[in-house]
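One letter stands for each residue in the lines below.
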Amino acid sequence: MMEAAHQEDVVGDVDRFVAPPNGGINELLDVGQEDNTQGQMEEFLSPQAEYNEEEEERKYYRRKRLGVIKNVLAASLGAMIVYSVYLGLLQMQLILHYDMTYREVKYSNLGLEDIDRKMLMGINVTPIIGLLYTPVLIRFLGTKWMMFLASGIYALFVSTNYWERYYTLVPSAVAIGVAIVPLWASLGNYITRMAQQYYEYVNYKEEHVQEQKKLPKGACHSYIIVFQSVFFIIFHLSFVFAEFPMRFVLNSHLQEEKHILHNVKGCGANISGVIPGFNTTVLTNLPRSMLLIQVESVLMGFAFLAMIIFLVLCGAAYRPTEEIDLRSIGWGNIFQLPFKHLRDYRLRLLCPFFIYSGFEVLFAVTGFSLRWVCLAGGATVHGVLLVALLALSLPANKPDVYEGPLLVISVLWGLGTALNKTGVSTLLGMLYAEEKERLDFVYTIYHWWQAIAIFIVYLWSNLPMRAKLSILLATLLLACYCYLVMERRLSMKVPYRLPRIPRPRHKVKGYRYLEEDNSDESDSERSEEDDKEEREDGEHVPEEMGAEDREEGGQDAGVQGADSPVARRRGAEGHHRRWENPHVKEGMREEREGG
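Since the structure is predicted, the reported quantities are computational estimates derived from the model, not experimental observations. (Residues numbered from 1 in each chain as written. Predicted model: local features only at pLDDT ≥ 70, side-chain atom pairs only at ≥ 80, totals over all residues. Heavy atoms only, no water.)

Here we come to the overall build of the chain. Helix and strand content of the chain: 24 helices and four strands. The buried share among the 595 residues of the chain stands at 43%. Summed over all atoms, the accessible surface of the chain reaches about 31700 Å², with 62% contributed by carbon and sulfur. (Helix = DSSP H or I, 4+ residues; strand = E, 2+ residues; numbered from the N terminus. Buried < 20%, exposed > 50% of the residue type's maximum accessible area, 1.4 Å probe, protein only. Areas by Shrake-Rupley, 256 points an atom, 1.4 Å probe, with all protein chains shown as cover.)

With that out of the way, let us pick up the side chain of T126. Locating T126 in the fold gives a position in the loop between α5 (112-125) and α6 (130-141). Beyond its immediate stretch of four places on either side in the chain, T126 contacts M121, V174, G177 and V178. (Contact = heavy atoms within 4.5 Å.)

What follows concerns the pattern of salt bridges. Following the criterion strictly, the structure yields six salt bridges and no others. In this structure, the salt-bridge partner of R139 is D440, at a minimum N-O distance of 2.7 Å. Note that R139 is positioned in helix α6 and D440 in helix α20 (residues 439-459), a separation of 301 residues in sequence. Between E434 and K217 there is a salt bridge, with the nearest N and O atoms lying 3.5 Å from each other. Here the residue E434 occupies a position in the loop between α19 (399-431) and α20, and K217 occupies one in the loop between α9 (207-210) and α10 (221-235), the gap between them amounting to 217 residues. Residue classification places K217 among the partly exposed positions, given a relative accessible area of 43%. (Salt bridge = Lys/Arg side-chain N within 4 Å of Asp/Glu carboxyl O.)

This part takes up a nonpolar patch on the surface. Side chains of W145, I308, L311, V312 and L313 sit close together on the surface and give an oily, nonpolar patch of about 470 Å² of accessible area. Top element by residues in the nonpolar patch is helix α14 (residues 289-313). It accounts for four residues. If you trace the backbone, L311 turns up in helix α14. According to the relative accessible area criterion, L311 is partly exposed, its value standing at 33%. (Patch = residues over 30% accessible without salt bridge, like charges linked within 9 Å, V, L, I, M, F, W, Y side chains within 5 Å.)

We now examine the packing of helix α8 (residues 166-202) against α10. Axis separation between α8 and α10 bottoms out at 9 Å; the angle between their running directions is 135°. The angle between the axes of α8 and α10 places the two elements in the oblique class. Our pair here, α8 against α10, has a crossing hand that is right-handed. Contact residues: W184, L187, G188, I191, T192, M194, A195, Y198, Y199 and V202 in α8; Y223, I224, F227, Q228, F231 and F235 in α10. Of the residues belonging to the contact of α8 with α10, the class tally is 13 nonpolar, three polar and no charged. (Axes fitted to C-alpha atoms, helices over the stretch in contact; angles between N-to-C directions. Parallel < 35°, antiparallel > 145°, perpendicular 65-115°, else oblique. Left-handed = near helix turned anticlockwise from the far one by under 90°. Nonpolar A, V, L, I, M, F, W, Y, C, P; charged D, E, K, R; others polar.)

What follows deals with α10. Over its 15 residues, α10 runs 21 Å from end to end, which matches the ideal 21 Å to within 8%, given 1.5 Å per residue. Every buried residue of α10 is listed here: H221, I224, I225, F227, Q228, S229, F231, F232, I234 and F235. (Expected span 1.5 Å × (residues − 1).)

Turning to the confidence of the model for the chain, a few remarks are in order. Low-confidence regions, as indicated by low pLDDT, have predicted coordinates that should not be scrutinised in detail. On average, residues of the chain score 74 in pLDDT, and 68% of them reach the 70 mark or higher. Below pLDDT 50 for its whole length, residues 571-588 participates in four contacts with residues either more than four positions away or in separate chains. Every residue in residues 590-595 is under pLDDT 50, and counting partners more than four places away or in other chains gives zero contacts. (pLDDT = per-residue confidence, 0-100.)

Another point: the side chain of Q228. Considering the arrangement of structural elements, one finds Q228 in helix α10. What makes Q228 buried here is its relative accessible area of 1%. Not counting the four nearest positions on each side in its chain, Q228 is found in contact with G188, I191, T192, T422, S425, T426 and Y443.

Phi is positive for K493, which is not a glycine, with a value near 60°. Mapped onto the elements, K493 comes out in the loop between α21 (465-491) and β3 (497-498). Using a relative accessible area of 72% as the deciding quantity, one classes K493 as exposed.

In the structure shown here, the tally under the stated rule is 25 aromatic pairs. With a centroid separation of 5.0 Å and 85° between ring planes, the pair formed by Y60 and Y61 is classed as edge-to-face. With a relative accessible area of 0%, Y61 lands in the buried category. For the ring pair Y198 and F227, a centre distance of 5.7 Å and an interplane angle of 75° mean the geometry is edge-to-face. Remark: F227 occurs in helix α10 and Y198 occurs in helix α8; sequence separation between them is 29 residues. One aromatic cluster in this structure is built from Y83, Y86, Y154, F157, W184, F231, F232, F235 and F239. Lying across the ring of Y318, R193 places its NZ or CZ 4.5 Å from the centre. It is R489 that lies over the ring of Y345; its NZ or CZ is 5.2 Å from the centre. (Phe/Tyr/Trp six-rings, centres within 6.5 Å; stacked < 30°, edge-to-face > 60°. Lys NZ or Arg CZ within 6 Å of the ring centre and 35° of its normal.)

Across the interface, helix α17 (residues 345-359) lies against α21 with an axial gap of 8 Å and an inter-helix angle of 155°. It follows that α17 is roughly antiparallel to α21 by the angle criterion. Here the hand of the crossing between α17 and α21 comes out left-handed.

Right, let's get into the environment of H221. Secondary-structure assignment places H221 in helix α10. Taking the C-alpha atoms as reference, H221 lies 9.8 Å from E434; in sequence the two are 213 residues apart. Once you skip the residues sitting within four places of it in the chain, H221 turns out to touch M430, A433 and E434.

Here the focus is the environment of D325. The topology assignment puts D325 in helix α15 (residues 320-327). Of the residues examined, D325 reaches a relative accessible area of 12% and is grouped as buried. Taking the C-alpha atoms as reference points, D325 and R503, separated by 178 residues in sequence, lie 8.1 Å from one another.

See below:
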């Protein structure tokens, strides 16, 4: 009996240790599969041997730099096309409307000359109120969209010439007057911003760029000079292309010079107003209506092309979060800041140059820019020409004699104009290169003064020529003197006044705003704190003195891409450090236990 029981126990032990036919095999297979899957995941997540992070980062910022160059060329090309179309159409339109036969045959008693006067008044008078709305429009729409909208208004002006009536031409001319100052302020701001971005993409490894601090003084000046020069080189080609409608369409319909100048007794410094005595019939025969429609259709196509260039090829000047910050300082502050910036003696002393650049509204050719060399060169060329024009008095019955000298004078005047406009725009970009939140205000002031000067030129059209030239020469001499005073003050490090730009009045949570969230703060306490900040902003009157010598450490000044390799790596490291923080772990543990 004992032996039988012992045998049964042995058999039971054997039965317990014998592996089942299917279950054990499946468990072993599952263990092997888990090990294999874990190995594949580690291999997938581990850094690849062929991946070079520095090389990928270098390629990324090279693409960014090429994108900036593309933006500059696209903005320059778009502005050139817009003004080629606008000036070419306006010139052809004024010549046709001047001819008495064209007016009588085409439109009888419509009064095209009176319409032209009101149209020119709308273009030249409306911009004088541009300081009131330009910064608001730029900050509300954004720099790129402001350029796109302004080019659309120029296209609207072209379209109204299909149906030449008072209620089509005059409102479109007024719309152009409204858009001139915002367009040019946006272009100046955009080109300067591209120079700042290019500097940051070139020096992406620098600490102040990675931490999105304000740029060092003078860091991006060379890029501003190059980009502004490239812009004006391309833009001034518009004065060449604007002559194409005249050359290929109206040139074959114009009378000879002897007929047009038959009643002209003299020209030069002795005349008053526009050259008196022009014949009222300047066309040998009227151009066909279908030909004019075809020309306007071609110009309309180029106007749409400029709009597409601004929309598709031009990238944004600011990141979306930065544009939100620019708007969030309050619309009242945006309205007041252009006036407050006039307290800066640099802008006040440059105002005569702004005015002079509006006075000399003649054609221009391209130039180069080396800050004071550019301004001094343009002023010297114009000064010599103004003195020569004051002494110039030519007979009208010998046009072939003075055709050559007038051509030389025109070329030199264009050179001086190009040097002047390029130099002033470049100088503003260099003076405020580190103040990117002020660029729209500064360029608005520049082009507003220029618009006022153009309005004065429109009003003085009937003055004697010697008076016009004397005003130009006096303004030029005053501008040169004020510029020398400004340079002397800067060399002596005289502090200048800059209005304080309020902080954005919104609280946005995200990777850019690292403000700690107080969970114990109630809604009422939060609103009281916001009201207190608003009162402090409203009562803060003192301006910043010498803002260029003080850096704002935590300012959101960078435009470094958030999707770049270094940004992703920095974000991942910060997230990892946050979870490794023992205080964070302890807080999470207490929260779980309390739950």
